[in-house]
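As a plain string of letters, each chain reads:
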Amino acid sequence: KQEVTQIPAALSVPEGENLVLNCSFTDSAIYNLQWFRQDPGKGLTSLLLIQSSQREQTSGRLNASLDKSSGRSTLYIAASQPGDSATYLCAVKYNNDMRFGAGTRLTVKP
Amino acid sequence: KAGVTQTPRYLIKTRGQQVTLSCSPISGHRSVSWYQQTPGQGLQFLFEYFSETQRNKGNFPGRFSGRQFSNSRSEMNVSTLELGDSALYLCASSSTTVQETQYFGPGTRLLVL
């Protein structure tokens, strides 16, 4: 069964801290893995997309890594800001499906 | 480019009714996927359309159906609504291949009473 797990479920940090969000998946036959953020009651905003052949992607203060063999991805956020407060979701694309984790709810305190 | 648009944004229906939701993808995108998001089950894949053909389907009952038009706009229909169908329905579009970034619309929030 293709399951995606995100740890931790919630995280609260002071502004300026660097942090890591984790995503694990059981089936390594992926096409790609995508990180999204979702603000309350809103749709998803794509942050980074990592193809199955890639090891990492970077955009500004965000860096995502992918280790297919161990079924893991991490999202690193540098110098966190209150505007980073949101739920972060990882989504794994398979041939016939796209599976989402339950998300990590991040709160960055000023 | 305009983003993915979904209409209506909010909808209230009663049990047993049917509902149709609409999604307009980003111009030039030919793939449209639909998802259901609930507090209990999280985000779940409903189906994906590409060039007017259903390419993939998630594990949902036959009451959930969809279609895609020649201009890539898509609709999903839910018949015989149940209380458990209350959810945020999200649509996403991508260019052509499975390796493309998906861009999501703001969603349609459906409440079934």
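Residues numbered from 1 in each chain as written. Chains lettered and ligands numbered in written order. Predicted model: local features only at pLDDT ≥ 70, side-chain atom pairs only at ≥ 80, totals over all residues. Heavy atoms only, no water.

**Q** Explanation requested: the pairing of strand S4 (residues 31-38) of chain B in the structure shown.
**A** In the case of a regular strand, side chains alternate between the two sheet surfaces. Residues and elements named next belong to chain B. Burial runs high along S4: 8 of the 8 residues are buried. Across the two faces of S4 the burial is the same, with Ser 31, Ser 33, Tyr 35 and Gln 37 and Val 32, Trp 34, Gln 36 and Thr 38 all buried. In this antiparallel pair of consecutive strands, S4 and strand S5 (residues 42-50), the connection spans 3 residues. (Buried < 20%, exposed > 50% of the residue type's maximum accessible area, 1.4 Å probe, protein only. Helix = DSSP H or I, 4+ residues; strand = E, 2+ residues; numbered from the N terminus. Pairing = 2+ DSSP bridges.)

**Q** What is the right way to look at the state of the cysteines in this model?
**A** Should the sulfur atoms of two cysteines be covalently bonded, the bond is a disulfide. Following the criterion strictly, the structure yields 2 disulfides over all chains and no others. Disulfide pairing places Cys 23 of chain A opposite Cys 90 of chain A at an S-S distance of 1.9 Å. Disulfide Cys 23 of chain A-Cys 90 of chain A: torsion about the S-S bond near 65°, hence right-handed. Of this pair, Cys 23 of chain A sits in strand S3 (residues 19-25) while Cys 90 of chain A sits in strand S9 (residues 86-93), placing them 67 residues apart in sequence. A relative accessible area of 0% means that Cys 90 of chain A is categorised as buried. Between Cys 23 of chain B and Cys 91 of chain B runs a disulfide, and the two sulfur atoms are separated by 1.7 Å. One quick way to see it: the torsion about the S-S bond of Cys 23 of chain B and Cys 91 of chain B is about -45°, and its sign makes the bridge left-handed. Within this pair, whereas Cys 23 of chain B is found in strand S3 (residues 19-24), its partner Cys 91 of chain B is found in strand S9 (residues 87-94), the two being separated by 68 residues in sequence. Of the two residues examined, Cys 23 of chain B and Cys 91 of chain B, each falls in the buried class. (Disulfide = S-S within 2.5 Å.)

**Q** Would you explain the pattern of salt bridges in this entry?
**A** Inspection of the entire model under this criterion finds 9 salt bridges over all chains. Here Asp 39 of chain A makes a salt bridge to Arg 37 of chain A, at a shortest N to O gap of 2.8 Å. Its relative accessible area of 27% is what places Asp 39 of chain A among the partly exposed residues. Residue Glu 75 of chain B is joined to Arg 73 of chain B by a salt bridge in which the shortest nitrogen-to-oxygen separation is 3.3 Å. A relative accessible area of 25% places Arg 73 of chain B in the partly exposed class. When salt bridges with common partners are traced through the structure, they connect Lys 93 of chain A together with Glu 48 and Arg 55 of chain B into a single cluster. (Salt bridge = Lys/Arg side-chain N within 4 Å of Asp/Glu carboxyl O.)

**Q** Explain the side chain of Gln 68 of chain B to me, please; I cannot follow it from the model alone.
**A** Residue and element names in this part refer to chain B. Summarising the element assignment, Gln 68 is placed in strand S7 (residues 64-68). For Gln 68, a relative accessible area of 5% translates into the label buried. A polar contact is formed between the side chain of Gln 68 and the backbone oxygen of Arg 30, at a distance of 3.1 Å. At a separation of 2.9 Å, a polar atom in the side chain of Gln 68 contacts the main-chain amide nitrogen of Glu 52. (Polar contact = N/O pair within 3.5 Å; in protein donor to acceptor, adjacent residues only side chain to side chain.)

**Q** Would you take a moment to explain the sheet that holds strand S6 (residues 56-59) of chain A for this structure?
**A** Residue and element names in this part refer to chain A. Strand order in this open sheet of 5 strands is S1-S3-S8-S7-S6, and the pairing throughout is antiparallel. The two strands at the open ends of the sheet, each matched to only one other strand, are strand S1 (4-7) and S6. For this sheet, the mean angle separating the axes of adjacent strands, direction not counted, is 15°. Where S3 lies against strand S8 (residues 72-77), 6 bridges are found, and the strand directions are antiparallel. (Axes fitted to C-alpha atoms, helices over the stretch in contact; angles between N-to-C directions.)

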